[in-house]
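Now for the letters of each chain:
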Amino acid sequence: MQQIPEYSNEDVCERLVALGIDPHLQDYFRRCIDFHTYAAPGILIGVFMVDYALDLIGKTPADKIFVTCESYKCLPDAPQVIMHATVGNHQLQVLPIGKFAITLTPFTAKEYAEGVRVYIDRKKLEKYPVYAAWFDNRPDFKPAYMKRQLVDEILTAQRNVLSHECIRMKVTHKKKWQSATCPSCGEQIPKNLMEGDICAGCGSLSYYESC
Ligand SMILES: [Zn+2]
């Protein structure tokens, strides 16, 4: 059987128009695909998840919202692009739980933040066989032939495969910190990050040799 080439980024954008996807979502998709460099299934799903979560909490991308992604795969790029919630500005954390799920909690000065968790609901995937096979990472998902169908099913399913729950989580507020100098490398780090007498770069997180 001849292979079926996957959609190009331009093809995906044309599919968005053909499927009548709302213009604000089309804008999210274009920006996310550009940032991510290609229209990976995970980034497409991430756009629907962020858009759905924002609607559920009645907020816009301009509001200050803390995001937690439960997977490193593709998903974190959607809130980064759409909401400008990044690891660098402390509005995004990524936890290596391995679930395709995201929580959004508007910023609060209180001890707990209330928000919403949106996740792929496996039961709802039954109507979308290729999407389900891909999600399960089953051998009957054949990338050489099914990538187009997968994108079509993701774009057709939209929010219909997602579920949500209301959540609250403990907020870690900014704390004052002191500086320390590592006696091994002579560089400065926040004191609370020292591993005993040395910095983590000289300790458990050492990852390079000088040459
Ligand atoms: Zn050091």
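Residues numbered from 1 in each chain as written. Predicted model: local features only at pLDDT ≥ 70, side-chain atom pairs only at ≥ 80, totals over all residues.

Q: Which residues make up the domain arrangement of the protein chain, and what values do they have?
A: What the domain assignment reports for the protein chain is domain 1 (9–170) and domain 2 (175–211). Inter-centroid distance (C-alpha atoms) of domain 1 to domain 2 is 36 Å. (Domains from an automatic or database assignment.)

Q: Before we move on, can you summarise the environment of glutamine 93 with the specific residues and values?
A: Here glutamine 93 lies in strand β2 (residues 92–94). C-beta crowding within 10 Å serves as the criterion here: with 15 such atoms nearby, glutamine 93 is assigned to the partly exposed category. (Helix = DSSP H or I, 4+ residues; strand = E, 2+ residues; numbered from the N terminus. Buried ≥ 20, exposed ≤ 12 C-beta atoms within 10 Å, placed from the backbone.)

Q: I'd like a description of the nonpolar core, backed by residues and values.
A: If you look at the biggest cluster of nonpolar residues, it comprises 45 residues, and the most contacted ones within it are Cys32, Val47, Met49, Val50, Val67, Ala78 and Ile102. When residues of this core are assigned to their parent elements, the largest contribution, nine residues, is made by helix α3 (residues 41–57). Not counting the four nearest positions on each side in its chain, valine 67 is found in contact with Pro79, Met83, Ala85, Gln91, Leu92, Ile102 and Leu104. (Core = buried A, V, L, I, M, F, W, Y, C linked by C-beta atoms within 7 Å. Contact = placed C-beta atoms within 7 Å.)

Q: With reference to specific residues and values, describe the sheet that holds strand β3 (residues 101–106).
A: Here five strands make up an open sheet; going across it, the order is β2-β1-β3-β4-β5 and the pairing mixed. Single-partner strands in this sheet number two, and they are β2 and β5 (162–170). On average, each strand axis in the sheet is tilted by 20° relative to the strand beside it, whichever way the strands run. With four bridges connecting them, β3 and strand β4 (residues 112–120) associate as antiparallel partners. The residue bridging alanine 101 from the neighbouring strand is tyrosine 119, located in β4. (Pairing = 2+ DSSP bridges. Axes fitted to C-alpha atoms, helices over the stretch in contact; angles between N-to-C directions.)

Q: Explain unusual backbone geometry to me, and be specific about the residues and the numbers.
A: In this model, cysteine 74 sits at a positive phi of 60°, which is unusual for a non-glycine residue. Looking at where cysteine 74 falls in the secondary structure, it is placed in the loop between β1 (65–69) and α4 (77–83). Notably, histidine 84 is not glycine yet its phi reads approximately 55°, a positive angle. Mapping histidine 84 onto the fold places it in the loop between α4 and β2.

Q: Hey, could you go over helix α6 (residues 143–157) for me, with residue numbers and the actual values?
A: Glutamine 149 marks where α6 bends most, by close to 25°. All buried positions along α6 are accounted for by Met146, Lys147, Leu150, Val151, Glu153, Ile154 and Leu155. Close packing links the buried residues of α6 with α1 (9–18), α3 and α5 (129–135). Where α6 ends, the next residue or the one after it, glutamine 158, has phi of about 50°, a positive value. (Bend = angle between axes of the 7 residues up to and from the residue.)

Q: Can you explain the environment of threonine 103? Please cite residues and give values.
A: Mapped onto the elements, threonine 103 comes out in strand β3. A tally of 24 C-beta atoms within 10 Å means that threonine 103 is categorised as buried. In sequence terms threonine 103 and alanine 85 are 18 residues apart; their C-alpha atoms lie 12 Å from each other. Discounting chain neighbours no more than four positions away, the residues touching threonine 103 are Thr68, Gly115, Val116, Arg117 and Ile167.

Q: How would you explain the packing of α1 against helix α2 (residues 23–36) if you had to name every residue and give the values?
A: Packing of α1 against α2 leaves a shortest axis separation of 10 Å and a crossing angle of 170°. By the angle class used here, α1 and α2 are roughly antiparallel. In contact with Asn9, Val12, Cys13 and Leu16 of α1, α2 contributes Gln26, Phe29, Arg30 and Ile33. Looking at side-chain class alone, the contact of α1 with α2 contains five nonpolar, two polar and one charged residues. (Parallel < 35°, antiparallel > 145°, perpendicular 65-115°, else oblique. Nonpolar A, V, L, I, M, F, W, Y, C, P; charged D, E, K, R; others polar.)

Q: So what about the pairing of β3? Which residues, and what values?
A: Taking burial as the measure, the six residues of β3 include five buried ones, the bulk of the element. Bridging between β1 and β3 involves five bridges; their strand directions are antiparallel. Of the residues in β3, the one forming a bridge with cysteine 69 is isoleucine 102. Count of turn residues in the β3/β4 antiparallel hairpin: five residues.

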